[in-house]
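# Structure assessment
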Amino acid sequence: MTSRWLLLIPVLTLLSACGTLTRPGGYYEDDGPEASPPADIANIPDAVPKTEPRSASGNKPYSVYGVTYTPLADTNGYRERGVASWYGKKFHGRRTSSGEPYDMYAMTAAHKTLPLPSYVRVRNLQNDRSVIVRVNDRGPFLHNRLIDLSYAAAAKLGILGTGTGVVEVEAVGPDEAATQVVKTFPLQIIPSAVAAEEISAAPAAAANPKLYLQVGAFTQRDNAVSLRDRLEREALRPVIIQSPQDSTNGGADVAPVYRVRIGPLASVEEGDRLTERAVQLGIRDARIVVE
């Protein structure tokens, strides 16, 4: 990815990486693996967390598509679930938001608000694989994605072929173990195509995460009911209202929040389709959430 800061053209270049529609079952349009990727992707070591100074670029508030993002001051306590995507040859060697060249064979990632650089453990909730990556870039900004992984990280997590994965992202620091005995699995690299996933030693099945499309959050239940009824009239079902009793609100002094969600969803792709439908109905802040 190219540098995002101050200049509009680099920002637009970024969006071409993290914002275009994916090809069915694969990667971003005009992107993907190289013709002859290395055969030892599974043996690339995880990033090792260490104390580093913040990069000179990439850590100031910025705006994309009319949304302003304010990078976090630190990673203390950060943990979030969502959808991961990956980017590859189209941006290999280009400048990241931190100013470093993007290396699709390094264990790195792009995130909208984590400090640059920082380190996170990414766990695939669908197969229980995990990797540690160094966050040195900004994105992704479209399609409800939480994190954009390097080609190597995506390969080790087993999401190359699908293009996306349901993940949990958790900050790790230099005082924590670099790995949790991270499992690695053989990969078969197919030239000029998305790398085939594991050919043996498949991981144990993980608990299936539930996906929902959250289309609104209100402090007044009547507003939540009104949106639910509207969505049902548009045949967007099933729609549920998550009541305050179903979620943590931080204490009695915090206003209750009624979340309107569609789901559970069958797949990330269904979430993408419903997001586009929500936009057509004027709902522009819909997002995929994972439980």
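Quick note: structure is the one above.
## Description of unusual backbone geometry
P140 follows G139 through a cis peptide bond whose omega is -15 degrees. Within the fold, P140 resides in the loop between β6 (130-137) and β7 (145-150). A cis amide bond links R237 to the next residue, P238, at an omega of -5 degrees. Considering the arrangement of structural elements, one finds P238 in the loop between α3 (221-233) and β10 (239-242). If you check the backbone angles, Y65 has positive phi at about 55 degrees while not being a glycine.

## Points about the side chain of Q242
As for its placement among the helices and strands, Q242 is situated in strand β10. A polar atom in the side chain of Q242 sits 3.3 Å from the side chain of E291.

## A look at the nonpolar core
Residues M107, V120, V122, V133, I147, L149 and V169 are the most contacted members of the largest nonpolar core, which totals 38 residues. Put simply, the parts of the chain that give this core at least two residues each are β3 (79-87), β4 (108-110), β5 (118-124), β6, β7, α2 (151-157) and β8 (165-171). Of all the elements, α2 adds the most residues to this core, at six residues. Excluding anything up to four places from it in sequence, I147 contacts V83, A84, S85, A109, A110, V120, V122, P140, V167 and V169. Counting residues in hydrophobic clusters, the runner-up holds 25 residues, among them I262, L265, L274 and A278.

## What about the pairing of strand β9 (residues 211-218)?
Buried residues dominate β9, accounting for six of its eight residues. Bridge count for β9 against strand β11 (residues 258-265) is six bridges, and the pairing is antiparallel. Bridging across to β11, F218 finds its partner in Y258. Here β9 pairs with strand β12 (residues 287-290) via four bridges, running antiparallel. Counted as the bridge partner of Q214 is R287 from β12.

## What to know about the sheet that holds β9
Strands sit in the order β10-β11-β9-β12 across an open sheet of four strands; the sheet is antiparallel. The outermost strands of the open sheet, each flanked by one partner alone, are β10 and β12. Neighbour to neighbour, the strand axes of the sheet diverge by 40 degrees on average, direction disregarded. In this structure, β10 lies alongside β11, joined through four bridges in antiparallel fashion. If you follow I240 over to β11, its bridge partner there is R261.

## Things to note about the side chain of T113
Relative to the helices and strands, T113 is located in the loop between β4 and β5. In contact with T113, other than residues within four places in its own chain, are Y69, T70, P71, L72 and R138.

## Here's the deal with the sheet that holds β4
The strand order around the closed barrel built from six strands is β3-β7-β4-β6-β5-β8, with neighbouring strands paired in mixed fashion. Between one strand axis and the next, the sheet turns through 45 degrees on average, direction left out of account. Of the pairings in the sheet, the one linking β4 to β7 comprises two bridges and is antiparallel in character. Counterpart to A110 in the pairing with β7 is D148.

## Points about α3
Under the 1.5 Å per step criterion, the end-to-end length of α3 is 18 Å for 13 residues, consistent within 8% with the ideal 18 Å. Residues A224, V225, L227 and L231 constitute the buried set of α3. Taken around the axis of α3, the buried residues stretch over an arc of 165 degrees, which confines them to a single face. Exposed positions of α3 whose direction lies more than 90 degrees from the buried face are D222 and R233. Lining the buried residues of α3 we find β9, β10 and β11. Residue A235 follows α3 closely and has a positive phi angle near 65 degrees.

## Things to note about the packing of aromatic side chains
Aromatic rings in a pair are described by how distant their centres are and how their planes are angled relative to each other. Tallying each qualifying case throughout the model produces seven aromatic pairs. Here the aromatic rings of W86 and Y151 are separated by 5.6 Å at their centres, their planes lie at 65 degrees, and the arrangement is edge-to-face. Within this pair, whereas W86 is found in strand β3, its partner Y151 is found in helix α2, the two being separated by 65 residues in sequence. With respect to class, W86 is no different from Y151; both count as buried. Linked through ring pairs, Y62, Y69 and F141 together constitute an aromatic cluster.

The rules we used
Residues numbered from 1 in each chain as written. Predicted model: local features only at pLDDT ≥ 70, side-chain atom pairs only at ≥ 80, totals over all residues. Heavy atoms only, no water. Helix = DSSP H or I, 4+ residues; strand = E, 2+ residues; numbered from the N terminus. Polar contact = N/O pair within 3.5 Å; in protein donor to acceptor, adjacent residues only side chain to side chain. Core = buried A, V, L, I, M, F, W, Y, C linked by side-chain atoms within 4.5 Å. Buried < 20%, exposed > 50% of the residue type's maximum accessible area, 1.4 Å probe, protein only. Contact = heavy atoms within 4.5 Å. Pairing = 2+ DSSP bridges. Axes fitted to C-alpha atoms, helices over the stretch in contact; angles between N-to-C directions. Expected span 1.5 Å × (residues − 1). Arc of directions from axis to C-beta. Phe/Tyr/Trp six-rings, centres within 6.5 Å; stacked < 30°, edge-to-face > 60°.

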